[in-house]
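# Topology and contacts: notes
As a plain string of letters, each chain reads:
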Amino acid sequence: MYADLQRELDNFERRTPKSAEAHKKNLKRIPLGVASNYRAYDPYPIFVQEGQGGKFRDLDGNEYIDHNLCFGALMAGHCHPAVMKAVQQRLHTGTMFGMPHNMEWELAEEICARFPVEMVRFGSSGTEATMHAVRLARAATDRDKIIKFEGGYHGLHDAALVSVKPHAPEFGDINDPTPVPGGLGVPKASIANVQIATFNDLSSVERRFKQNAGEIAAVILEPIMMNVGLCMPQPGFLEGLRSLCTKYGALLIFDEVKTGAKLGWGGASEYFGVTPDMICLAKSIGGGFPLAAFGTHKSVMDLISQHKVFHGGTYNTNPVSMAAGLATFREVLTRENYAHVDKLSKKLTDGYKKIVTKSGLNAYIASAGANGALMLQPNEVRNYRDWLNIDIDLWRLYWFGMVNRGVMCQPYWWDEQWTISVQHTEADIDKHLAVFEEVAPMLSKAQQESTAAVAVH
Ligand SMILES: Cc1ncc(COP(=O)(O)O)c(C=O)c1O
């Protein structure tokens, strides 16, 4: 371990004793002491007290500029005034009915105005949205198999939990990736229906179509793969997928759980000019409340209208989340706010690039819309396997170094990325950059140590 990383970890433990204590209590009753495995990390996760705007405070009273933002689900920032007002008004008039209401068509209209879909159904999580989208695609094509990309994350249902973070030797050859379950309990029968392809490699997709002639219902992907830092589709990749899906009669599903709200006003289809058949939305569309949606052509949704595909859910369109969602679409995810975030994003990205060059760090910055990441790889990551060669301790040095100086630069885990909220300010970005300027020389020194050590061996 790098000496500086050990120092940062010691400093982390000195600054956050109340989190350590709280984690110990949680561990007695809650596996890993957290409510989602992604929230667990060593030595223990920071426990949160409160958040406002672009910042939060932990149990020990330390303040952080927050670019974690609930794993990118809070482009609105904490307690956005418009969302809070809408929710507070709604709280006095009933929170759940399990009955239709007037906010449903209003929000459906907002979604259909921005995204190339004709009809929408709602849910509470991204997992639900991708699960129902996949089922609908299977029903619409009368086929069982789907193609997903190695390293892609689409939530926790059986069709999605395949080859999320697979390793050698199980994952096989890059030209013929083996489907690997993302943990125990995923049925073999379900894995057999998930064909794995390599991101940015159209030939790997066409091979799957040919090997499974007439059996592929859909291709599902994040238009920008954000489970490996930030991996951009290379020019022509999304267009190529569109053509292949049309050619082989499969549906193209854009999982826009992250990109839908954060890439720009019209999500990935507007940004890249490629039109999918289905779109899955969640995270930032709820402005801090659980809200998800999936949308597609009327002809596909007719399967639900005709009672051929079943979709339901007690919490669907609960009025509190819907009020938050409406306020988010109308007052948070506005063209003006996207311009503000784009400006901050450019400032942050340009600043990082300058500091990386100045410090001699062998790394690059990837960014798109509200998201970005310091990529500790020498070359651009184009697929999951490119990303695997990351120096994890170097990344941990970055994260703990930043956190100890008051900037949660992204969620913990080196597969994540930063989010800039509409409530962040130029001053927040200045502070972020000032802290990175302090941390970068440490990273550069560590990188040189590790290169020297490799050379000796
Ligand atoms: C691209 C993508 N799809 C789906 C999901 C699952 O969403 P949820 O955690 O709301 O179930 C996530 C969550 O991180 C995601 O990033």
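Nothing here was measured: the structure is a model prediction, and the numbers come from that model.

For the rest of this paragraph, the subject is the overall build of the chain. Regarding its fold elements, the chain presents 17 helices and 16 strands. Its C-alpha radius of gyration of 22 Å places the chain within 12% of the 23 Å reference for a compact globule of 457 residues. Across its three principal axes, the chain shows a C-alpha extent of roughly 65 × 60 × 45 Å. Counting every position in the chain, which comprises 457 residues, the buried fraction comes to 58%. Here the contacts in the chain between residues at least 6 apart in sequence split such that 73% fall between residues at least 24 apart. Carbon together with sulfur atoms contributes 55% to the accessible area of the chain, which is approximately 19100 Å² in total.

Here four strands make up an open sheet; going across it, the order is E1-E2-E3-E15 and the pairing mixed. Edge positions in the sheet fall to strand E1 (48-52) and strand E15 (407-408), since each of these pairs with one other strand and no more. Here four bridges tie E1 to strand E2 (residues 55-58), and the two strands are oriented antiparallel to one another. When the sheet's bridge partners are listed, Val-48 is paired in E2 with Asp-58.

Considering all chains together, one arrives at 24 salt bridges under this definition. Arg-57 is paired through a salt bridge with Glu-63; the nearest N and O atoms lie 3.1 Å apart. We note a salt bridge from Lys-346 to Asp-350, for which the minimum N-O separation is 2.6 Å. Within this pair, Lys-346 and its partner Asp-350 are both found in helix H14 (residues 335-359), separated by four residues, close to a single helical turn.

Here the focus is helix H8 (residues 202-211). Residues of H8 that are buried: Ser-204, Val-205, Glu-206, Arg-208 and Phe-209. Taken together, the buried residues of H8 touch strand E5 (145-149), strand E7 (176-177), strand E8 (194-197), strand E9 (216-221) and helix H9 (237-248).

All residues in the neighbourhood of the ligand are listed as Ser-125, Gly-126, Thr-127, Tyr-153, His-154, Gly-155, Glu-222, Asp-255, Val-257, Lys-258 and Lys-283. A distance of 2.8 Å is found between an oxygen atom of the ligand and a backbone nitrogen or oxygen belonging to Gly-126. A distance of 2.6 Å separates a nitrogen atom of the ligand from a polar atom in the side chain of Asp-255. Within the complex, the protein chains bury 82% of what would otherwise be the 390 Å² of accessible surface of the ligand. Looking at side-chain class alone, the shell around the ligand contains two nonpolar, five polar and four charged residues.

Criteria and thresholds
- Residue positions are given per chain, counted from 1 along the sequence in the order it is written.
- Local features are withheld for residues below a pLDDT of 70 in this predicted model, meaning they are given only at 70 or higher, and side-chain atom pairs are given and counted only at 80 or more; totals for whole chains, interfaces and linings count all residues.
- As a rule here, side-chain values come from all non-hydrogen atoms in the structure, and water together with hydrogens is ignored.
- A run of H or I in DSSP becomes a helix once it reaches four residues, and a run of E becomes a strand once it reaches two; helices and strands are each numbered from the N terminus.
- Atoms counted for the radius of gyration: C-alpha only. Globule rule: 2.2 Å times residue count to the power 0.38.
- Any residue under 20% of the maximum accessible area for its type is buried, any over 50% is exposed, and the rest in between are partly exposed; the area is computed with a 1.4 Å probe on protein chains only.
- Residues are treated as being in contact if the distance between any of their heavy atoms lies within 4.5 Å.
- Every accessible area reported is derived by Shrake-Rupley at a probe size of 1.4 Å, with residue values counting cover from the shown protein chains alone.
- Any two strands with at least two DSSP-identified bridges between them are counted as paired.
- We define a salt bridge as a contact between a side-chain nitrogen of Lys or Arg and a carboxyl oxygen of Asp or Glu at a distance within 4 Å.
- Any residue with a heavy atom lying within 4 Å of a molecule or strand is counted as near it.
- Polar contact criterion, stated in full: a pair of N or O atoms within 3.5 Å, where within protein one must be able to donate a hydrogen and the other to accept it, and residues adjacent in sequence count only if both atoms are side-chain atoms.
- Here the nonpolar group is Ala, Val, Leu, Ile, Met, Phe, Trp, Tyr, Cys and Pro; Asp, Glu, Lys and Arg are the charged ones; every other residue, Gly included, is treated as polar.

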